[in-house]
There are 2 protein chains.
Amino acid sequence: MSDAYYIHLTERLRELINDLDACEEGRLPAERTLAEHFRTTRVTLRQALAHLEGEGRIHRSNRRGWFVSPPPLDYDPTRDAGFNDYVKAQGRRPRTEVLLTDTRPHRPAAEALGLSTDQTFFHIRRRRFVDDRAVLSESLWVVPERAPGLLEGDYVSHSLWGQLRGRWGLTLAHRSLRLYSEALRAQEAEELGVAAGTAGLSVRRTIFDARRRPVEYDEEHWLHHALCITVDLENTS
Amino acid sequence: MSDAYYIHLTERLRELINDLDACEEGRLPAERTLAEHFRTTRVTLRQALAHLEGEGRIHRSNRRGWFVSPPPLDYDPTRDAGFNDYVKAQGRRPRTEVLLTDTRPHRPAAEALGLSTDQTFFHIRRRRFVDDRAVLSESLWVVPERAPGLLEGDYVSHSLWGQLRGRWGLTLAHRSLRLYSEALRAQEAEELGVAAGTAGLSVRRTIFDARRRPVEYDEEHWLHHALCITVDLENTS
DNA sequence: CAGTGGTCTAGACCACCCA
DNA sequence: GGGTGGTCTAGACCACTGT
């Protein structure tokens, strides 16, 4: 039924968003204001907003309101350019917050890396921002034998992978990626300032060095429209 | 607010889904029936269903009802194993329908491949099923000079890439992928039997041969929870 | 034609954010 | 404390699917 009112509403809101985008303040008016303006109810209005959210045109910050979404970030998970580098290269402003570090076993990491389940890891959990919007919550588990003293280092402002190569001479030779569309769970959602159940994209990486020794396992949870994944391959057939 | 009723409902429905999953018929009862059973309204019930849909536990076929979702398909877009092969390898049943073939210019393909915009292509549009559920709508544009006579061949039951290698001796040496979370547009949604705006995953591929000649460009639109993308890389740092 | 999901109304109260 | 989004009610009619 393409003549549903919320479809029409979606198009009208799209125009509004384009106008807002030109302005500084990319925030939409209150739902009640919009509903009144378009002579409909909040339910129908929210249906249209949800539609635009699904397209990645707008997003909401939990209980704060609706905002125009910036263009997605290009991201190549197969390259080890640091987050800071590729965000800056796209004219955006990166920021990283470390939420926690510890040393302990972690079953999924152990299984992915083929280690025994009581293997301990250096664990880093952090949150990353683009232009002051939290877009990524991630956890890394590094095999301590590969990078002794890692947690004493400055693993935030410098690229972690750069350090693994530079300080410990590791070659990140074998990498396995898994990408999956998900609904963000309570913890990640809270860290990213969105409602639980918001659409996300999960990236899991398992890395071995040139001697096939396990190096690292990590899980990334992205706001799903914050990124466009790109991969360039040469001669891998 | 984790004590919202729809959250509780979500958990109850999750149990119901697990039970249904064991049975043959993976269809949920009617919304009105469920709403009455849980002593709530359809609005609230649908909120819980939408939550589970976002998690990929259930999906709907437009106006037909809600169904338990099967596990996602593992898919490596960097390998050129045919769809039929890797679906079967996972114990699932593949099927392909050709929706249309023609020969004409296509601007996005031309731009991606670095050709002039009046370049014509062999165009194939098809729909692919896993266990009789339509999960993928795709269009391919092949440079005619690379594969003369392609559209007369049996490009359906055999792997297209296999033919490019076998019949025309092409090496698919340089590949560029773009993955993006999207909302399915009217045409793809209709082909997949879902409502427009349903969450999807878009995969775009650009391929050059060993001599860097343009070979093919394609766009895939997947139901977003129908697949888990996996990529294995060796020594690419 | 009966039953289903899709859309919509006109309200209401609550939890949280920010000034 | 005022305003915001988040949740919820109790209905209604429409469009489509399947028999």
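Residues numbered from 1 in each chain as written. Chains lettered and ligands numbered in written order. Predicted model: local features only at pLDDT ≥ 70, side-chain atom pairs only at ≥ 80, totals over all residues. Heavy atoms only, no water.

The name that an unreviewed UniProt entry assigns to chain A is UTRA domain-containing protein, with the source organism given as Halomonas icarae.

### A closer look at the domain arrangement of chain A
All names here are of chain A. Per the domain assignment, the segments making up chain A are domain 1 (5-68) and domain 2 (73-229). Taking only C-alpha atoms into account, the centre of domain 1 sits 33 Å from that of domain 2. Taken residue by residue, the interface counts eight residues in domain 1 and six residues in domain 2. Linking domain 1 with domain 2 are zero salt bridges, by the criterion used here. Summed over the shared surface of domain 1 and domain 2, the number is three residue pairs in polar contact (both at pLDDT 80 or more). Mapped by element, the contributors of at least two residues to the side of domain 1 that touches domain 2 are α3 (42-55) and β1 (58-61). Each residue belonging to the side of domain 1 that touches domain 2 can be placed in one class, and the counts come to no nonpolar, five polar and three charged. (Domains from an automatic or database assignment. Contact = heavy atoms within 4.5 Å. Salt bridge = Lys/Arg side-chain N within 4 Å of Asp/Glu carboxyl O. Polar contact = N/O pair within 3.5 Å; in protein donor to acceptor, adjacent residues only side chain to side chain. Helix = DSSP H or I, 4+ residues; strand = E, 2+ residues; numbered from the N terminus. Nonpolar A, V, L, I, M, F, W, Y, C, P; charged D, E, K, R; others polar.)

### Describing the interface of chain B and chain A
In this assembly, 37 residues from chain B lie in contact with 37 residues from chain A. For the pair chain B and chain A, the summed buried surface comes to about 3200 Å²; carbon and sulfur atoms form 48% of the total. Put simply, E234(A) and R212(B) hold a salt bridge, and the shortest N to O gap is 3.6 Å. Our enumeration of links across chain B and chain A arrives at 14 residue pairs in polar contact (both at pLDDT 80 or more). Broken down by secondary-structure element, the contributors of at least two residues to the side of chain B that touches chain A are α3 (42-55), β7 (174-183) and β10 (227-234) of chain B. Along the lines of polarity and charge, the residues of the side of chain B that touches chain A split into 14 nonpolar, 13 polar and 10 charged. Here six bridges tie strand β10 (residues 227-234) of chain A to β7(B), and the two strands are oriented antiparallel to one another. (Buried area = accessible area lost by both parts, 1.4 Å probe. Pairing = 2+ DSSP bridges.)

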